[in-house]
Amino acid sequence: MELLPIRRALLSVTHKEGLDVLGNFLHENGVELVSTGGTLRFLRDCGLPVTAVSDVTGFPEILDGRVKTLHPRIHGGILADKDNPEHLATLARHDILPFDLVCVNLYDFASAVSRQADLRDAIEQIDIGGPCLLRATAKNCHSTVVIPDAAGYAEVMEEMKAHDMCVTLKFRIQMAVRTYKLTSEYDRMIADYLGRNL
């Protein structure tokens, strides 16, 4: 689809700067907000109505937050092709609502490395769910838009204002490219770090 209406967003970020502005903008324009952990608390503290991911999945966050979003009710809602009737029928059959926008920034692994955290502490700063969400949304840029960093907040708001609360396919592809570059660099940083610790 060329123009994607934004009706439902998943927000899960490490760095909260500017998230209040994005969250308020989305809410004021009728977008349902879904979130996790610290991001959920931050948005609620901003006075915004937010649905917890655990309420969507029907399963609590476990393993000290290592497993939150790795669930079919999340990834099915991200990966469904909205132009494919069979995909939409599958969502309906399993009572899964689609996502239109996914905003994620990753655990700050670089800071763990720079402060010379020990191996186990550094490993805890390796994000798993975040890259999965980013890559899934980027893959399905035909039907979703990914916002992989805080710089994208203003960009997506401008895009939505310019297109009656929709985002263009060109913008979605641009954000997907940015996302794959970011996740590639993140994986390379982790591989280099672990290699140095052999």
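Above this text sits the structure in question.
What counts and what doesn't
Residues numbered from 1 in each chain as written. Predicted model: local features only at pLDDT ≥ 70, side-chain atom pairs only at ≥ 80, totals over all residues. Heavy atoms only, no water. Helix = DSSP H or I, 4+ residues; strand = E, 2+ residues; numbered from the N terminus. Contact = heavy atoms within 4.5 Å. Buried < 20%, exposed > 50% of the residue type's maximum accessible area, 1.4 Å probe, protein only. Pairing = 2+ DSSP bridges. Right-handed = clockwise from strand over helix to strand, strands pointing away. Phe/Tyr/Trp six-rings, centres within 6.5 Å; stacked < 30°, edge-to-face > 60°. Lys NZ or Arg CZ within 6 Å of the ring centre and 35° of its normal. Core = buried A, V, L, I, M, F, W, Y, C linked by side-chain atoms within 4.5 Å. Arc of directions from axis to C-beta.

Before we move on, could you go through the side chain of threonine 183 and cite the residues and values that matter?
Mapping threonine 183 onto the fold places it in helix α10 (residues 169–196). Residues contacting threonine 183, with those up to four places away along its chain left out, are Leu134 and Arg135.

Any chance you could break down the pairing of strand β2 (residues 8–13) for me, citing the residues and the numbers?
A large share of β2 lies buried, amounting to 6 of its 6 residues. Note: β2 against strand β3 (residues 32–35), 4 bridges, orientation parallel. Counted as the bridge partner of alanine 9 is leucine 33 from β3. After leaving β2, the chain enters helix α1 (residues 19–28) and then returns to the sheet as β3, a path that is right-handed.

Summarise unusual backbone geometry; cite the residues concerned and give the values.
Positive phi is not limited to glycine here, since aspartate 95 has a value of about 55°. Looking at the element boundaries, aspartate 95 is found in the loop between α5 (85–93) and β5 (101–105). At methionine 165, a position not held by glycine, the phi torsion is positive, near 65°. The topology assignment puts methionine 165 in the loop between α9 (151–162) and β7 (166–168).

If you had to explain the packing of aromatic side chains to someone new, which residues and values would you point to?
Under the criterion given, the structure shown has 0 aromatic pairs. Sitting over the face of the ring of phenylalanine 99, arginine 8 holds its NZ or CZ atom 4.1 Å from the ring centroid.

Give a detailed account of the environment of glycine 37, specifying residues and quantitative values.
One can find glycine 37 in helix α2 (residues 37–45). For glycine 37, a relative accessible area of 16% translates into the label buried.

So what about the nonpolar core? Which residues, and what values?
One broad trend across soluble globular proteins is that nonpolar side chains are buried collectively. With 51 residues, the main nonpolar core has Leu10, Leu11, Leu22, Leu26, Leu101, Ile147 and Val156 as its most contacted residues. Here this core gets 6 residues from one element, more than from any other, and that element is α10. Among residues more than four places away in sequence, those in contact with leucine 26 are Ala9, Leu11, Val31, Leu33, Leu101 and Met160.

Go over the pairing of β5, please, and point to the residues and values.
Burial within β5 is extensive, with 5 of its 5 residues counted as buried. Bridging between β2 and β5 involves 5 bridges; their strand directions are parallel. Its bridge partner being in β5, leucine 11 is matched across the sheet by cysteine 103. Direction of pairing for β5 relative to strand β6 (residues 145–147): parallel, over a ladder of 3 bridges. From the neighbouring strand, valine 102 faces β6, where its bridge partner is valine 146.

Describe the sheet that holds strand β4 (residues 51–52), with residues and values.
Read from one edge to the other, the open sheet built from 5 strands follows the order β4-β3-β2-β5-β6, with strand pairing classed as parallel. Both outer strands of the open sheet, β4 and β6, are each paired with one neighbouring strand and no more.

I'd love a proper account of α1, names of residues and values included.
Listed as buried for α1 are Leu19, Leu22, Gly23, Phe25 and Leu26. Seen end-on, α1 carries its buried residues on one side only, within an arc spanning 165°. Buried positions along α1 lie against β2, β3, α2, β5 and α9. The first or second residue beyond α1 is glycine 30, which carries a positive phi of 80°.

Spatial relationships are all this shows, so hold off on functional conclusions.
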